Amino acid sequence: MLLLTGGLAEAPLPSGGSGVQWPRHGARLPRCRRPRGQHTHAPPGPPAECAGKMSSPGVDGDPKPPCLPRNGLVKLPGQPNGMGTASITKGTPAVKSRPCQPPPVSALPPPGLAAPLPRAALAGGLCPSAGLSLGGPAPAPVPGPLVERPPLATDEKILNGLFWYFSACEKCVLAQVCKAWRRVLYQPKFWAGLTPVLHAKELYNVLPGGEKEFVSLQGFAARGFEGFCLVGVSDLDICEFIDNYALSKKGVKAMSLKRSTITDAGLEVMLEQMQGVVRLELSGCNDFTEAGLWSSLSARITSLSVSDCINVADDAIAAISQLLPNLAELSLQAYHVTDTALAYFTARQGHSTHTLRLLSCWEITNHGVVNVVHSLPNLTALSLSGCSKVTDDGVELVAENLRKLRSLDLSWCPRITDMALEYVACDLHRLEELVLDRCVRITDTGLSYLSTMSSLRSLYLRWCCQVQDFGLKHLLAMRSLRLLSLAGCPLLTTTGLSGLVQLQELEELELTNCPGATPELFKYFSQHLPRCLVIE
């Protein structure tokens, strides 16, 4: 049976006819176009695909394509797998209010074979997401609660993982993008291990009247900084810092004062008010004296660094050794400290102190080294850099008595020879880092001694002017090396340096100011040492 509307009557097909039911006289057919490849007449047999396809020839004799009748009834085509037809009325309120329903089926397709969705169904508004069920009506979708997600640019979970890939300077810039980014970036975890550097001129804002106002430090407090470096400050600046920084009393663990005019009174007030400070650095502070150290140092301090302070001498070392029983690290650069000062260390420091750096202490000799090795037997890191009066005998004392050493710095010790390297190689089996910069008497023979050290990972030979290509061949046996510095070695050639490609585990190679380091050599290293950072 054919269902037509808009002036078309229903009539049965005559037997043996063409399968086309013509409208009554005076009926008006809708105009439509025929798609390409469409037959002019429908073949006899089952009903046509769509009621819209039942059209009369046009003016030129071409058949007309199917179209929608005016009242919105659509005849859905029968499926080749035996599925029946369905009609959907657009604009009917009863139909709009119910979910999409599949057409009834007369036969099921084979298992696993889904019938294709007809074009008329898509054009008529069938919902593919509803899921046409071949066995019966599809269940109505259950609406769930709508969850609003924030945009990706402000999603805190994404930002917490993304911001780890930026440097500290880049994080400072990104924190100014918006409040959401600042809220994420101002978490203390992103700033752990960093120390802000504040100059005296940055601590104040100049008001229109010419008066000065101390800057707000709330941003630093929000990020939870535990250490600060103040440059060029006075006693008054330090007091203002203590009053305006919320974490100064207990939260600050490390303080560094550089090129400052702090006096004995200012140092005493700072350490008295800032009870959390356990690491203290004083560099280029020439206004405090040894009396200030005696009056201000507290037993809670575990790390102390004093450099370029002209008033520091032997009596300052006495104050340090007496007042700091828990001292773990001591770095001292003082031109007037003598061997006598090193005798002040007691057994209390011997158990706790593991790092001692004596930098450019010109007056220290081998006798001072004797005091060190007997008072501080548990040292793991020792620096005698710039102690120009220390000789091979002093190094022998170190090697025989400080067997726990992992780092030894003998740079700028001009009296050190190859014999000192023999002592080091024979006794310091745990040594991982050895610095020999500017040891001008080191030759290839000394490098042959070092080639037996299986634990050595970092070797610095900057400006060792007697090291030649033959000495580099000894280093090729040191498979444990990860860092090698040959900067400024004038006798090394391109041929000798090219052999370093045998050190496949090398991670960093420094060849600054090395005449044998040519552009061709750097290209050769990039091909054969792809994992090594070569510093030109």
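Along each chain, the written sequence defines residue order, and numbers are assigned to residues from 1. With the structure being a predicted model, the display of local features is reserved for residues of pLDDT at least 70 and the display and counting of side-chain atom pairs for 80 or more, all residues being used for whole-chain, interface and lining totals. The basis for the side-chain values is all heavy atoms of the structure; hydrogens and waters are excluded.

Tallying secondary structure elements over the protein chain gives 19 helices and 16 strands in all. The buried label goes to any residue with under 20% of its type's maximum accessible area, the exposed label to any with over 50%, and the partly exposed label to all in between, with areas taken from a 1.4 Å probe on protein chains only. Out of the 536 residues belonging to the protein chain, those deemed buried represent 40%. Whether two residues are in contact is decided by their heavy atoms: any pair within 4.5 Å suffices. Long-range contacts, defined here as pairs at least 24 residues apart, represent 71% of the contacts in the protein chain between residues at least 6 apart. Only the protein chains shown count as cover for residues, and the accessible areas themselves come from Shrake-Rupley with a 1.4 Å probe. By element, 55% of the accessible surface of the protein chain is carried by carbon and sulfur atoms, the whole surface being about 29000 Å². Helix numbering and strand numbering both begin at the N terminus, where a helix is a DSSP run of H or I of at least 4 residues and a strand a DSSP run of E of at least 2.

Our next topic: helix 19 (residues 519-528). Regarding helix 19, the residues found buried are Leu-521, Phe-522 and Phe-525. The buried side chains of helix 19 occupy one side of the element, clustering within an arc of 100° when seen end-on. Facing away from the buried side of helix 19 by over 90 degrees, the exposed positions are Pro-519, Glu-520, Lys-523 and Gln-527. The directions considered for the arc run from the helix axis to the C-beta atoms.

A few words on the pairing of strand 6 (residues 279-283). Any two strands with at least two DSSP bridges between them are considered paired. Pairing between strand 5 (residues 254-258) and strand 6: 5 bridges, direction parallel. Among the inter-strand pairings, Leu-257 is bridged to a residue of strand 6, identified as Leu-282. Viewed along the sheet, the connection from strand 6 through helix 9 (residues 290-296) into strand 7 (residues 303-307) turns out right-handed. When the strands point away from the viewer and the connection leading from the first strand across the helix to the second strand turns clockwise, the crossover is called right-handed.

So, about the environment of Tyr-204. Along the chain, Tyr-204 falls in strand 2 (residues 204-206). Taking the C-alpha atoms as reference, Tyr-204 lies 5.2 Å from Val-215; in sequence the two are 11 residues apart. Setting aside anything within four residues of it in sequence, one finds Tyr-204 in contact with Lys-212, Glu-213, Phe-214, Val-215, Asp-237 and Glu-240. For the purposes of these results, a polar contact is taken to be a pair of N or O atoms within 3.5 Å, where, inside protein, one atom must be able to donate a hydrogen and its partner to accept one; residues adjacent in sequence count only when each atom of the pair is a side-chain atom. At 2.7 Å, the side chain of Tyr-204 forms a polar contact with the side chain of Asp-237.

The subject of this paragraph is the packing of helix 7 (residues 235-244) against helix 8 (residues 264-273). Closest axis-to-axis distance for the helix 7/helix 8 pair is 9 Å, and the angle between their directions is 15°. Between helix 7 and helix 8, the angle is such that the two are roughly parallel. Every pair of crossing elements has a handedness; the one defined by helix 7 and helix 8 is left-handed. Taken together, the residues of helix 8 that come into contact with helix 7 (itself represented by Asp-235, Ile-238, Cys-239 and Ile-242) are Gly-266, Val-269, Met-270 and Gln-273. Three categories are distinguished: nonpolar for Ala, Val, Leu, Ile, Met, Phe, Trp, Tyr, Cys and Pro, charged for Asp, Glu, Lys and Arg, and polar for the others, with Gly belonging to the last. Here the contact of helix 7 with helix 8 is composed, by residue class, of 5 nonpolar, 2 polar and 1 charged. Convention adopted: a line fitted to C-alpha atoms gives each axis, helices being fitted over their contacting stretch, and angles between N-to-C directions are expressed from 0 to 180 degrees. Between 65 and 115 degrees an angle is taken as roughly perpendicular, under 35 as roughly parallel, over 145 as roughly antiparallel, and anywhere else as oblique. In this scheme the crossing of two helices becomes right-handed for a clockwise turn of the near helix relative to the far one and left-handed for an anticlockwise turn of less than a right angle.

What follows concerns the nonpolar core. Among soluble globular proteins, nonpolar side chains are generally buried collectively. Of all hydrophobic cores here, the largest spans 122 residues; its most connected members are Met-255, Leu-257, Leu-408, Leu-459, Leu-486 and Leu-511. Among all residues touching Leu-408, those that are not within four sequence positions of it are Leu-382, Val-398, Val-424, Leu-428, Leu-431, Glu-433, Leu-434 and Val-435. As used in this record, nonpolar core signifies buried Ala, Val, Leu, Ile, Met, Phe, Trp, Tyr and Cys residues forming a set joined through side-chain atoms within 4.5 Å.

A word on the state of the cysteines. Cysteine sulfur atoms are paired as a disulfide whenever they fall within 2.5 Å. On inspection of all chains with the given rule, the structure shows 0 disulfides. Unpaired in this structure, Cys-413 has its nearest cysteine sulfur neighbour in Cys-439, at a distance of 5.9 Å. With no disulfide of its own, Cys-464 has Cys-489 as its nearest cysteine by sulfur position, at a separation of 5.7 Å.

Okay, the packing of aromatic side chains next. Between rings of Phe, Tyr and Trp, where Trp is taken as its six-membered ring, a pair exists when centres lie within 6.5 Å; planes separated by under 30 degrees are stacked, by over 60 edge-to-face, and by other angles tilted. Counted under the stated rule, the structure contains 14 aromatic pairs. With 4.8 Å between their ring centres and 75° between their planes, Phe-228 and Tyr-245 make a pair best called edge-to-face. Of this pair, Phe-228 sits in strand 4 (residues 227-231) while Tyr-245 sits in the loop between helix 7 and strand 5, and the two are 17 residues apart along the sequence. Through pairs of rings, three or more aromatic residues link up here, namely Trp-191, Phe-220, Phe-225, Phe-228, Phe-241 and Tyr-245. Two thresholds decide whether a charge sits over a ring: the Lys NZ or Arg CZ must be within 6 Å of the ring centre and within 35 degrees of the ring normal. The ring of Tyr-186 carries Arg-223 above its face, with NZ or CZ at 4.5 Å from the centroid. Here Arg-223 stacks its cationic end above the ring of Phe-220, 5.3 Å away from the centre of that ring.

This paragraph deals with the pairing of strand 5. A large share of strand 5 lies buried, amounting to 4 of its 5 residues. Of the crossover connections in this fold, the one passing from strand 5 over helix 8 to the parallel strand 6 is right-handed.

Bringing helix 10 (residues 314-323) into the picture now. Within helix 10, 7 of the 10 residues are buried, which leaves it mostly tucked inside the rest of the structure. Every buried residue belonging to helix 10 is among Asp-314, Ala-316, Ile-317, Ala-318, Ala-319, Ile-320 and Ser-321, and all of these are buried.

Our focus in this paragraph is the side chain of Asp-427. Looking at the element boundaries, Asp-427 is found in helix 15 (residues 418-427). Since its relative accessible area comes to 18%, Asp-427 is described here as buried.

Before going further, it helps to examine the confidence of the model for the protein chain. Across the chain, each position has a pLDDT score giving the predictor's confidence in that residue, from 0 to 100. When pLDDT is averaged across the protein chain, the result is 80; 72% of the residues are at 70 or more. Every residue in residues 1-23 scores below 50 in pLDDT, and together they form 32 contacts with partners more than four places removed in sequence or on other chains. Per-residue pLDDT stays below 50 along residues 37-135; that stretch engages in 119 contacts with residues further than four places along the chain or on separate chains.

All right, on to a nonpolar patch on the surface then. A cluster of nonpolar side chains, contributed by Leu-162, Trp-164 and Tyr-165, occupies part of the molecular surface with about 390 Å² of accessible area. Considering the arrangement of structural elements, one finds Tyr-165 in the loop between helix 3 (156-162) and helix 4 (168-174). Surface patches are defined over residues having more than 30% relative accessible area and no salt bridge, joining like charges when they lie within 9 Å and nonpolar side chains (Val, Leu, Ile, Met, Phe, Trp, Tyr) when within 5 Å. We count a salt bridge whenever a side-chain nitrogen from Lys or Arg sits within 4 Å of a carboxyl oxygen from Asp or Glu.

This part covers the pattern of salt bridges. According to the stated counting rule, one finds 6 salt bridges in the structure shown. The partner of Asp-427 in a salt bridge is Arg-403, with the nearest N and O atoms 3.8 Å apart. Placement of Asp-427 in helix 15 and of Arg-403 in the loop between helix 14 (392-401) and strand 11 (407-409) is noted, with a sequence separation of 24 residues between them. Owing to a relative accessible area of 42%, Arg-403 belongs among the partly exposed residues under this scheme. A salt bridge links Arg-462 to Glu-510; the shortest N-O distance between them is 3.2 Å. Highlighted residues: Arg-462 in the loop between strand 13 (458-460) and helix 17 (469-475) and Glu-510 in strand 15 (residues 508-510), separated in sequence by 48 residues. Judged by relative accessible area, which is 26%, Arg-462 ranks as partly exposed. Exposure remark for Glu-510: the relative accessible area of 16% places this residue in the buried category.

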